[in-house]
Amino acid sequence: MRKIAVVLLVLVSLYSCKKSQEEFVIENVEPQRPIVDFGFHYDEFNVHYDTIQSQDTFEKILKKQNLNGRKAAEIIKVIKDSFPTSVRFKRPYVCLRSKDKYHKLQYLIYQPTRLEYYLVDLTDSIVGHKKKRPLTFKSRVVAGELTGPLTQTLRSLKIDPTLSGRLTKVFAWSIDFFKSKKGDKFALSFTERYINDTVYDGVDSLKAAFFEYKGEKIYAFPFVQERNGKTDYYDENGKALKNFFLKAPLKFVNITSHFSQNRFHPVQLMWKAHKGTDYAAPTGTPIMTTATGVVEQAGYTAGNGNFVKVKHDKVYSTQYLHMSKILVRRGQHVKQGEVIGKVGSTGLATGPHVCYRFWKNGVQVDALKLKLPNSQVMEGRNLPRFKEQMRPLKRELDSVAELKFKK
């Protein structure tokens, strides 16, 4: 009987412990509030937190703080030039009130964004201010290898995945990320923004990077040349990563006909030269100018349909045929990648496509076989300054990669 009693006692104890563990659930825990924020010591005030509701206005918010309509209207009149005309739904605001029994409003802080805030000071007279929270910048150097899409890989390394857009833009002329393989190595040096030194606010700048692509390390370092004051990315030898020309006038490439001196024309049913490259795409697909320049011609002919011709410099010009719609005018300055028209099948065309034509020194040539120059070529006088800035960044990337992948 004694043994049975001991067993029962143990079972009861285990059941009681299990039950107490199951019942130990913390609910409705108030999130930890800051002690100091916006330059105020919160322990000196009666603090009220809230968010903007759908029908809220500044006047309604003020009336909730024991202010009559007359006083609220007076405040609105004073601060109207320094405050926005409306408040944003679900954005937070804080009321700092006196700690006595009257809870008189002393400061109202409204946050339309995480960085910006508006402050109403009612302590002496009515004053409105627009302010920004202090920003700090922290540098990170990370090495890794692709485990899947770039965005997914960055997320697994606790890096803001939006950085992938910046990286693909920087390396667009050197790397096809759709053809990257799992296991391809990379290293990144970048800065991140923090509000009040604690609240993450995104990637601020890309300081340096390299990616392994087809067995080769491709580096990228930002640099501003003296003459143009524009930031471009260069490899370790000072060669620009960005090409003077995009490879094609469409984002998604489907070549249906190449440049040829003798091709059977599908409409005219005869053999003749085809001095362009045809890219098929659905009607309405945006057509981009492959380089910066000035629109030399924009119009219609029976053969070309709606077309645009862009002069890039004294040597190069490009032309885009069979558009369904022209979006630029003659004499207009266009930037590389700017949409100048929409794919169509106007003129002598059997289906929607753009015929891309390319001139060098007034002669039509095959753009796919042409070795094209880089944009913003590094000037000799800038090279020593670039090398000086680049070397420590390269050492940093190589060191973190060596440490990461050391076997």
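Structure report, in brief. (Residues numbered from 1 in each chain as written. Predicted model: local features only at pLDDT ≥ 70, side-chain atom pairs only at ≥ 80, totals over all residues. Heavy atoms only, no water.)

Section: the overall build of the chain
Phase 1 of the analysis: Check the secondary structure of the chain and you find six helices and 24 strands.
Phase 2 of the analysis: Relative to its 407 residues, the chain shows a buried fraction of 39%.
Phase 3 of the analysis: Considering only contacts within the chain whose residues lie at least 6 apart along the sequence, 60% involve residues at least 24 apart.
Phase 4 of the analysis: Just so you have it, the chain exposes about 24,400 Å², and 53% of that area is on carbon and sulfur atoms. (Helix = DSSP H or I, 4+ residues; strand = E, 2+ residues; numbered from the N terminus. Buried < 20%, exposed > 50% of the residue type's maximum accessible area, 1.4 Å probe, protein only. Contact = heavy atoms within 4.5 Å. Areas by Shrake-Rupley, 256 points an atom, 1.4 Å probe, with all protein chains shown as cover.)

Considering the sheet that holds strand S9 (residues 185–195)
Phase 1 of the analysis: One open sheet holds the five strands; their spatial order is S8-S9-S10-S11-S12, and the pairing between them is antiparallel. Each of the sheet's edge strands pairs with one partner strand only, and the pair in question is strand S8 (135–145) and strand S12 (231–234). Shown here is a sheet whose adjacent strand axes are inclined to one another by a mean of 25°, direction ignored.
Phase 2 of the analysis: Direction of pairing for S8 relative to S9: antiparallel, over a ladder of 11 bridges. Opposite Phe 137, over in S9, you have Arg 193 as the bridge partner.
Phase 3 of the analysis: Sheet strands touched by helix H5 (residues 163–170): S9, strand S10 (199–213), strand S11 (216–224) and S12. Its angle to S10, the strand with the most contacts, is close to 35°. (Pairing = 2+ DSSP bridges. Axes fitted to C-alpha atoms, helices over the stretch in contact; angles between N-to-C directions.)

A word on the packing of aromatic side chains
Aromatic ring pairs are defined here through the distance separating the ring centres and the angle between the ring planes.
Phase 1 of the analysis: The tally for this structure, following the rule as stated, stands at 22 aromatic pairs.
Phase 2 of the analysis: The structure contains a cluster of three or more aromatic residues connected by ring pairs, namely Phe 245, Tyr 316, Tyr 320, Tyr 356 and Phe 358.
Phase 3 of the analysis: When the ring centre of Phe 210 is taken as origin, the NZ or CZ atom of Lys 217, which lies over that ring, is 4.5 Å away.
Phase 4 of the analysis: If you follow Lys 309 out to its NZ or CZ, it ends over the ring of Trp 359, 3.9 Å from the centre. (Phe/Tyr/Trp six-rings, centres within 6.5 Å; stacked < 30°, edge-to-face > 60°. Lys NZ or Arg CZ within 6 Å of the ring centre and 35° of its normal.)

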